[in-house]
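Fold and contact review
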Amino acid sequence: MKMFRIRGGVHPEYRKELTSEQAIVEIPMPARLRIPLQQHIGAPAEAIVAVGDRVGKGQMIARPQGGLSAALHAPTSGVVVDIAALPAPHPSGLPQRTIVIEPDGRDQWAALPAPIAEPFAASSKAIADRVAECGIVGLGGATFPAAVKLDLRSSYTLDTLAINGAECEPYLTCDDRLMREQADEIIDGVRIMAHALGVGRVIIAIENNKPQALAAMTLAASGVSDIKVIGIPTRYPMGSERHLVQLLTGRETPARKLTADIGVVVHNVGTAAAVHQAVRFGRPLVARVVTVSGRGIATPRNVKVPLGVMVSDLLQFCGGLTDSTARLLSGGPMMGQPLPSTDVPVIKGTSGILALTQAETRRQPVQPCIRCGSCVSACPVGLVPVEMVALIRKENLDGAATAGVMDCISCGSCAYICPAHIPLVQYFNYAKGRLNALQRDERKRDLVKRLVEARAARMERMAHAKREALKRNKAADKPADTPQAGAASPS
Amino acid sequence: MSSVVSISAPYAHAPTSIRRTMGLVILALVPATLLNVGLFGWPALNLFAITVVAALAAEAMCLRLAGRPVRPTLNDGSALLTGWLLAMSLPPWAPWWIGVVGSFIGIVVGKHLFGGLGQNLFNPAMVARVALLISFPLPMTLFVAPRPLFSADAPGFLDGLAVTFGFGPKIDVVSAASALGHVKTELSRGVPVNETLSHGHDLLATAVGMVPGSLGETSALLLLLGGLFLMARKVITWHIPVSVMGTLFVLGSVANLLDPARHADGLFHLLSGATLLGAFFIATDLVTSPVTRQGQLIYGTGIGLITFVIRSWAGYPEGMAFAVLLMNALTPLIDRYVRPRVFGRTSKGTPIQPKARS
């Protein structure tokens, strides 16, 4: 199949051999599970259980709020012991509303929705509703509600479903192992999603550094005519949605638009496996595969983790941290989030927990920029990081916006390659945050201005109406008045 | 492991650093330097050492005055590289004070007055060279024929010191013009270029280095190898060297075709003078060249063009240093207007319109 060129990118050291040959293992159920109500893009879910309720495995414990939200389900059977604000797995460590469940050890499924017997005869709305009911979100890390993405056919003309098996971040091997061990389930989920989207073409893209996954998926897809499994060049950030679409189809997503605008929808392989479970068995999303890796971990592994397991329990299951750990991350090293402590739970978006040593991070003191231009060559979006950083340093955020900082995807390629070890992405994230805040303030001000103007106009109309009414009354009174006046006045 | 993390991803890094980049460039220069020191003997070695030490001293002095940490910054190798490149562009038997004054001008005026590493507008080594050339034209144009280090008529260590420091009985030095200088002088005397080149000029000798010239002018082959090494290690890309050399070659060949009596051919331009040193090591200076690939092509073409113009019609036989400085002045302009196209946008910056699909 013809593949198109994409610009930029880097070749990090992948270090996948730490976990790529480790089959997925299950962690024994810990004593407590914590399920934060916000594990997805959109509005937080709303708890529908109370403290003291008994819940079964897979029972819905929080329902979606609004159009862009996702449901949450109990990862195992047990009792709801608390609903409180507890630290979230976010760099700030700020508290978030969380449901705490104490497992009862029986791990019994609650009453689940019935399996959809004939998925390929079902309507796309039925499938999307089932996916929403089961709380499925994008498991590549973005956690976008999958049901909304499956419903895109109503607003866009679609022709291709691209399945993202790239897994371009170093260290992470959860998608790799999933493709090797559950290829049939993934292919089934892919076929269901393709039917729901109404597309004629499906491309499953897997990076060339995963030959066994390629073989397994090709075998599983061999009986299906519309699905193509292809190996793509190993390069970071090949898994970026827009760049993957450009590589596979040659189409470039316009700025500020979705890939659906050019007819393509992208889903992760883990999401496809979850859709298979939801549609064929009625099972909601209650667990995910997490890669625990890095030289700071005693026993790196790929673990199937029920949602809500504390990171400390997970690390203990993998032998614990060594003394040389310099960084603890959720996700991959290029775009992951630092964990403020291990006292936080695993959530739907946790694709990996990494403990990196100083030798692996290669952190060095920051030096002056030498204008080498490596960042410009590395940027997959075609921006000029060296110029943007110079503007942001001087707080010239409008200049930075003109230079294109809002188009930055924060992939980290520029900072990875910078010889001066300048934390470029930090500058861009700061600028994006400030520009978003300024935009919000401006919209607020505009709204207030419009309301004030509307009120002034309304008052003016009311005053005008009053004056008119007064005038009319006077005119109505006058003819009655005159004879009386004439009679009253001394003539 | 810190609980309060003050910086965002990425938390991995390539094995790159400023020190490694400078180190690779110096490594690429070592073969040519060794050959030339071997060719020109002890005086050349003395001058080289003095220039480099003076550059480091100037850098240390400026850092101390600016209140910046001296040891870590000296370690990044940028002052060492500047001194090295300056030494390569000096006449090998020049007196010691040329090296010292040049280093101080280059480091203090050319680099630190602008703000230090990464802030300078002009290539420091070329600033130094041009300042020396204009201020001290005689010592800067006195070239000698090679006298290999352990050959019969080469000066010994003490005699070498005498040459560099200018004491004791004068060695009988027969100054010889570099190839470019010779061609220009003969042209001014009315001898056509093709005559000058046909006798008394061996292209292979020029390539290998057995001809008069500055330290860096005379070993085209080793410099080419060094440049290819740098490209293989991804320190530089092909854009600047190819555009500089390509422009010079094309202009030289065209001019030679049109008027062989007046202009030397393209290959001569490539192999003589500081073309290879300039194309691979001087024009590619990271701080003073454009950051985008297209910008680098424009920059390199400009250097080639200006070098050709100066060599052909101006008063100096060698134009690379001036050409580099003039194009350095244009680099900010090039960087301002030449930008890559952003993904999802046209080159004007508006979002692209997706093509209509059936």
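Residues numbered from 1 in each chain as written. Chains lettered and ligands numbered in written order. Predicted model: local features only at pLDDT ≥ 70, side-chain atom pairs only at ≥ 80, totals over all residues. Heavy atoms only, no water.

**Describing the nonpolar core**
Rule in force here: We define the nonpolar core as a collection of buried residues of types Ala, Val, Leu, Ile, Met, Phe, Trp, Tyr and Cys that are connected through side-chain atoms lying within 4.5 Å of one another. The rule is simple: take the accessible area with a 1.4 Å probe, protein chains only, and divide by the maximum for that residue type; under 20% is buried, over 50% is exposed, in between is partly exposed. Whether two residues are in contact is decided by their heavy atoms: any pair within 4.5 Å suffices.
If you look at the biggest cluster of nonpolar residues, it comprises 92 residues, and the most contacted ones within it are Leu 424 and Phe 428 of chain A together with Leu 29, Phe 281 and Ile 303 of chain B. With sequence-adjacent residues up to four places away left out, Phe 281 of chain B is seen in contact with Val 25, Ala 28, Leu 29, Leu 85, Leu 223, Gly 226, Gly 227, Leu 230 and Leu 276 of chain B.

**A look at the interface of chain A and chain B**
Rule in force here: The term buried area means the drop in 1.4 Å probe accessible area that two parts suffer when joined, counted for both and summed. Note on definitions: salt bridges are taken to be side-chain nitrogens of Lys or Arg within 4 Å of carboxyl oxygens of Asp or Glu. In protein, a polar contact requires one atom able to donate a hydrogen and another able to accept it; more generally it is a pair of N or O atoms within 3.5 Å, and residues adjacent in sequence count only if both atoms are side-chain atoms. Starting at the N terminus, helices and strands are each numbered in turn, a helix being any DSSP run of H or I of at least four residues and a strand any DSSP run of E of at least two. Gly is placed with the polar residues, together with every amino acid not listed as nonpolar (Ala, Val, Leu, Ile, Met, Phe, Trp, Tyr, Cys and Pro) or charged (Asp, Glu, Lys and Arg).
Listed by partner, the interface residues are 62 residues for chain A and 38 residues for chain B. Contact between chain A and chain B buries roughly 4400 Å² in total, counting both sides, with carbon and sulfur atoms accounting for 58%. Of all residues in chain A, the largest losses of buried area upon contact with chain B belong to Glu 252, Ile 370 and Arg 371 of chain A, amounting jointly to 16% of the total for that side. In this structure, Glu 252 of chain A engages Arg 341 of chain B in a salt bridge whose closest nitrogen and oxygen atoms are separated by 2.9 Å. On inspection of chain A and its partner chain B, the count reaches 19 residue pairs in polar contact (both at pLDDT 80 or more). If you list the elements that add at least two residues to the side of chain A that touches chain B, you get helix H6 (241–249), strand E15 (325–330), helix H9 (358–361), helix H10 (374–378), helix H11 (385–393), helix H13 (413–417) and helix H14 (424–488) of chain A. Partitioning the side of chain A that touches chain B into residue classes produces 30 nonpolar, 17 polar and 15 charged.

**Details of the environment of Pro 91 of chain A**
All names here are of chain A. The residue Pro 91 is located in the loop between strand E7 (78–87) and strand E8 (95–103) in this model. Look at Pro 91 and you get partly exposed, because its relative accessible area is 32%. The spatial distance from the C-alpha of Pro 91 to the C-alpha of Leu 329 is 9.4 Å, given a sequence separation of 238 residues. Aside from chain neighbours lying at most four places away, what touches Pro 91 is Gln 337, Pro 338 and Pro 340.

**Concerning empty space enclosed by the protein**
Residue and element names in this part refer to chain B. Cut-off, in case you're wondering: Of the grid points, spaced at 1 Å and generated over the protein atoms alone, those admitting a 1.4 Å probe that cannot get out make up cavities, while open sets with protein on both sides within 12 Å along at least five of seven lines make up pockets; any residue with an atom within 4 Å of a point is treated as lining. Grid points are joined across faces, edges and corners, and a volume is the space filled by probe spheres set on the points.
Applying the stated criterion across every chain, the model contains seven cavities of 30 Å³ or more. Counted as a void, the largest cavity has a volume near 310 Å³. For the largest cavity, the lining is made up of 23 residues, of which Met 22, Leu 81, Leu 85, Asp 285 and Leu 286 are closest to its centre. Looking at the lining of the largest cavity, the elements that each hand over two or more residues are helix H1 (18–40), helix H4 (78–88), helix H6 (124–135) and helix H15 (275–282). The leading source of residues in the lining of the largest cavity is H4, at four residues. For the lining of the largest cavity, the class distribution of residues is 15 nonpolar, six polar and two charged.

**Overview of unusual backbone geometry**
In this structure, the amide linkage connecting Tyr 236 of chain A to the following residue, Pro 237 of chain A, adopts the cis form with an omega of -5°. With respect to the helices and strands, Pro 237 of chain A occurs in the loop between strand E11 (227–232) and H6. Cis geometry marks the peptide bond from Ala 9 of chain B to Pro 10 of chain B; its omega dihedral reads 5°. In this structure, Pro 10 of chain B sits in the segment before H1. One non-glycine residue, Arg 256 of chain A, lies in the positive phi region at around 70°. With respect to the secondary-structure elements, Arg 256 of chain A resides in the loop between H6 and strand E12 (264–268). A relative accessible area of 57% means that Arg 256 of chain A is categorised as exposed.

Remember, this is a structural readout, not a statement about activity or role.
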